[in-house]
Amino acid sequence: MRIVFFSPHSGIRLHSGPEWRLMDGLRTHGHSITVVTCSGALRDFCNVMASMGLTPGSDRVSKHLACRSCQASRAQLKRKFHDINVIDMDDHLEVGDYNEARRIANQADQNSWLRLEVSGIPVGRLASYEFILHRKLNTDSLDEHFIREYRKYLVPVLLSVTAAKKLLPELDPERLITYNGLYGVNRPWKLLAEDMGVPSYSIQGGTGERTRYERLMMYRDDLQQSELNHSNAANRALASPLSESECKSVMADLTDRETASSAFTYSLPRSGGRPEAIRADLGIGTDCRVFLVALSSNDEVRAARTVGTRVTPEPTVFADQFEWLREILDLADRNSNWVFIIRLHPRMLPNQREGRVAPDVMHFRQLLDHVPSNVITNDRQKHLSVYDLMRISDTGLVRSSTVGLEMVARGIPVVSSDSTDIRGFPPSLALVARSRSEYQQMLGVSLKVRNHERVALAASAWRYMYFRDYVVARPVPWRKSQDDSREGVILESATRGVVKKFAHRSRRLVPSVLIPLFRALRSNLMARQENPSEPIAYPDGVNSWVNPFERTLLEASQSLVVDGEDMGGFHTDRLLLDSERRFVGAFLADWRE
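So, here is what we can say about the structure in this document.

Cut-off values and rules
Each chain has its residues counted from 1, running along the sequence as written. The model is predicted, so local features are restricted to residues of pLDDT at least 70 and side-chain atom pairs to those at 80 or more, both for listing and for counting; the totals for chains, interfaces and linings are taken over all residues. Values shown for side chains rest on all heavy atoms present in the structure; no hydrogens or waters enter the calculation. The helix count covers DSSP runs of H or I at least four residues long, the strand count covers runs of E at least two residues long, and both are numbered beginning at the N terminus. Each helix should span, by expectation, one fewer than its residue count multiplied by 1.5 Å. Using a 1.4 Å probe on the protein chains alone, a residue whose accessible area is under 20% of its type maximum counts as buried, one over 50% counts as exposed, and one in between counts as partly exposed. For helices, the fitted axis covers only the stretch in contact; all axes are lines through C-alpha atoms, and the angles between them, taken along N-to-C directions, range from 0 to 180 degrees. Convention used here: angles under 35 degrees read as roughly parallel, angles over 145 as roughly antiparallel, angles from 65 to 115 as roughly perpendicular, and any remaining angle as oblique. Handedness of each helix crossing follows the sense of rotation of the near helix against the far helix: counterclockwise by less than a right angle gives left-handed, clockwise gives right-handed. Any two residues whose heavy atoms approach within 4.5 Å are treated as being in contact. Each residue is assigned to one class: nonpolar for Ala, Val, Leu, Ile, Met, Phe, Trp, Tyr, Cys and Pro, charged for Asp, Glu, Lys and Arg, and polar for all the others, Gly among them. By definition, a salt bridge exists where a carboxyl oxygen of Asp or Glu is found within 4 Å of a side-chain nitrogen of Lys or Arg. One bridge is not enough; two strands pair if DSSP finds at least two bridges between them. Handedness rule for crossovers: strands pointing away from the viewer, path from the first strand over the helix to the second running clockwise, crossover right-handed. Only Phe, Tyr and Trp rings take part, Trp by its six-membered ring, and two of them pair if their centres are within 6.5 Å. Stacked means planes under 30 degrees apart, edge-to-face means over 60, and tilted covers everything else. Ring-over charges, as used throughout, are those where CZ of Arg or NZ of Lys falls within 6 Å of the ring centre and within 35 degrees of the ring normal.

### What about helix α18 (residues 451-472)?
Each full turn of the α-helix corresponds to 3.6 residues, which orients residues three or four apart in the same direction.
Alright, step 1. Here α18 spans 30 Å end to end across 22 residues, near enough to the 32 Å set by a 1.5 Å rise per residue.
Alright, step 2. Of all 22 residues in α18, 19 are buried; the element is thus mostly enclosed.

Written out as structure tokens, the structure is:
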């Protein structure tokens, strides 16, 4: 089978390392593999630059240095996997293509930026994905300075469309694979391939805390990823008990998340303080019941909806988070012995991954300026970990946040509304309200959940987490230490000549030149500081790991369909194995204390 990979971001080695392993594994199974890469075509701005902390407005020297480090990474991958056919998209782009891309991008304005199309490809929407995420936007109305910045995201997408239109007919693939099909430059290849009748796939790193970079998820279309929690396969997983070793894997991931050592964990690490001390510090009386209200980050949902990969029905209970929060404040005003801790989503605020404040924060803070005395607002500035807050919470209140899954996994009942809007966990793990009056009633019901029901709910959450992190995410034989151990040296060798050249000409340029190098080295060091996991064993042979991927390609489908019945309804009567009851029960008891 002729398989084409579109992989322009070699400089993000935690993505490209497993991706090239997959290419090589499929090659050894007899498939013809071609990978299309970038050697500078996306020099205006790309995700590699963003991963190093650069922005579209960064100086040319810094961007050039990021390109050099990415090219060095690509060269090393080519040497290591020398049997894979590599094509540079740059070789198929002419000067006129760059000029045309910039001409079209300059036509984008406040009225047309989301309506731009080229060859039937909605380039305006596709280019908005990373732009919305980087700017944390929750609106389609942009000021002129935002439009100027957006054009820098649009140019690479237009170049990607041009390259795909030239290369796909020439390569004539039978399958197309790209890493994260939501990225603006990747999605045109998927759409054009599908127009040619070529099935396309997205791969993505795993979601397990310890095995994130050792596993890949593969999806036939991107809707399957966003709707995984509503799938038939997820519902079957909730009815499948875990073995002792599987319980240990989930428990280790839950424990590791509380250290907040990963860049993908937004929360601060758990402090280790006793629940009584945390309640006292917050001024919460011993006779009060505590509700932890976890707000979601609207920009992630808006970005997915804008590119057309997430379509959900209009909410029937609360129109948006602001209306939901007003209802909670009203409940607080009428129930003085209930304490509500409002947690802004860390993505709204500067965090270890990004330094911007979401525009929504101002509106939330205006709403929270005058609140009843039994409402506590918590954000990152107050240095309270969400894991500390969970330990004193009786109930969790969420709309869609994945923190809801973590609460249920720790035995905390969760109340939500509009099951179709829940993204982070199967609706059957929560009390899902269908009206405002029912929502108020369910808060009271959640406070009456008994201990054995908490254990049953937590065990179901563990089953889903194992399914998501260890079944859907398939292992690849790749280690961070194996492929990243010399990345700092590669970056240094790629940039040493450039640094010396500019340092010799002008000392004033040296700090600017060094910025992306320092940021890249820092991100690599942070990644290495994460707890390494045990090596994965492959008992059936060195290449047996590739079989699940190969079956997915051959069948051109995926078992994770989203056409099953809605399983909302708070199921606490699932049969537990003794191993589950023992491990989950012990974890909940130890975690609370």
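Additional details are given in the paragraphs that follow.
### Describing the packing of helix α10 (residues 244-257) against helix α23 (residues 578-592)
Alright, step 1. Taken N-terminus to C-terminus, the directions of α10 and α23 make an angle of 20 degrees; their axes are 9 Å apart at the nearest point. With respect to their mutual orientation, α10 and α23 come out roughly parallel. Judged by the twist between their axes, the crossing of α10 over α23 is right-handed. Here α10 contributes E244, C247, K248, M251, L254 and T255 to the contact with α23, which in turn contributes S579, E580, R582, F583 and F587.

### Concerning the packing of helix α5 (residues 123-135) against helix α6 (residues 144-171)
Alright, step 1. Viewed as axis vectors pointing N to C, α5 and α6 meet at an angle of 130 degrees, and their least axial separation amounts to 8 Å. On the basis of their axis angle, the class for α5 and α6 is oblique. As α5 runs across α6, the sense of the crossing is right-handed. Between α5, through V123, G124, L126, A127, S128, E130, F131, H134 and R135, and α6, the contact on the second element is made entirely by F146, E149, Y150, Y153, L154, V157, L158 and V161.
Alright, step 2. The class makeup of the residues in the contact of α5 with α6 is 11 nonpolar, 3 polar and 3 charged.

### As for the pattern of salt bridges
Oppositely charged side chains may form a pair once their charged atoms are brought near each other.
Alright, step 1. Within the structure shown, the criterion is met by 24 salt bridges.
Alright, step 2. The partner of E194 in a salt bridge is R220, with the nearest N and O atoms 2.8 Å apart. Here the residue E194 occupies a position in helix α7 (residues 187-195), and R220 occupies one in the loop between β6 (215-219) and α8 (222-226), the gap between them amounting to 26 residues.
Alright, step 3. When salt bridges that share partners are traced, they join E258, R270, E406 and R410 into one network.

### Considering the sheet that holds strand β3 (residues 85-88)
Alright, step 1. Pairing is mixed in the open sheet, where 7 strands are placed in the order β3-β2-β1-β4-β5-β6-β13. The open sheet terminates on both sides in strands that have one partner only, identified here as β3 and β13 (474-475).
Alright, step 2. Where strand β4 (residues 175-179) meets strand β5 (residues 200-205), 4 bridges bridge the pair, whose relative direction is parallel. Bridge pairing in β5 places L176 opposite S200.

### Notes on the pairing of strand β11 (residues 414-417)
Alright, step 1. Of the two faces of β11, both are covered, the one formed by V414 and S416 as well as the one formed by V415 and S417.
Alright, step 2. The sheet contact formed by strand β10 (residues 395-398) and β11 spans 2 bridges and is parallel. What sits directly across from G396, in β11, is V414.
Alright, step 3. The parallel pair β10 and β11, bridged by helix α16 (residues 403-409), forms a crossover whose chirality is right-handed.

### Side note on the packing of aromatic side chains
For any two aromatic rings, the description comes down to two numbers: the centre-to-centre distance and the angle of the planes.
Alright, step 1. Throughout the structure, instances matching the rule amount to 16 aromatic pairs.
Alright, step 2. Where F6 meets W189, the ring centres are 4.3 Å apart and the plane angle is 15 degrees; that geometry is what we call stacked. Taken together, the residues F6 in strand β1 (residues 2-6) and W189 in helix α7 connect sequence positions 183 residues apart. Pair check on accessibility: F6 and W189 agree, each one buried.
Alright, step 3. Note on W113 and F131: the rings are 6.2 Å apart at their centroids and 85 degrees apart in plane angle, and the pair reads as edge-to-face. With a gap of 18 residues between them, W113 in the loop between α4 (95-106) and α5 and F131 in helix α5 connect regions that are remote in the sequence. Of the two residues, W113 and F131, both sit in the buried class.
Alright, step 4. Following the ring pairs from residue to residue traces out a cluster consisting of F45, W113, F131, F146, Y150 and Y153.
Alright, step 5. Here R43 stacks its cationic end above the ring of Y98, 4.8 Å away from the centre of that ring.
Alright, step 6. Sitting over the face of the ring of Y201, R220 holds its NZ or CZ atom 5.6 Å from the ring centroid.

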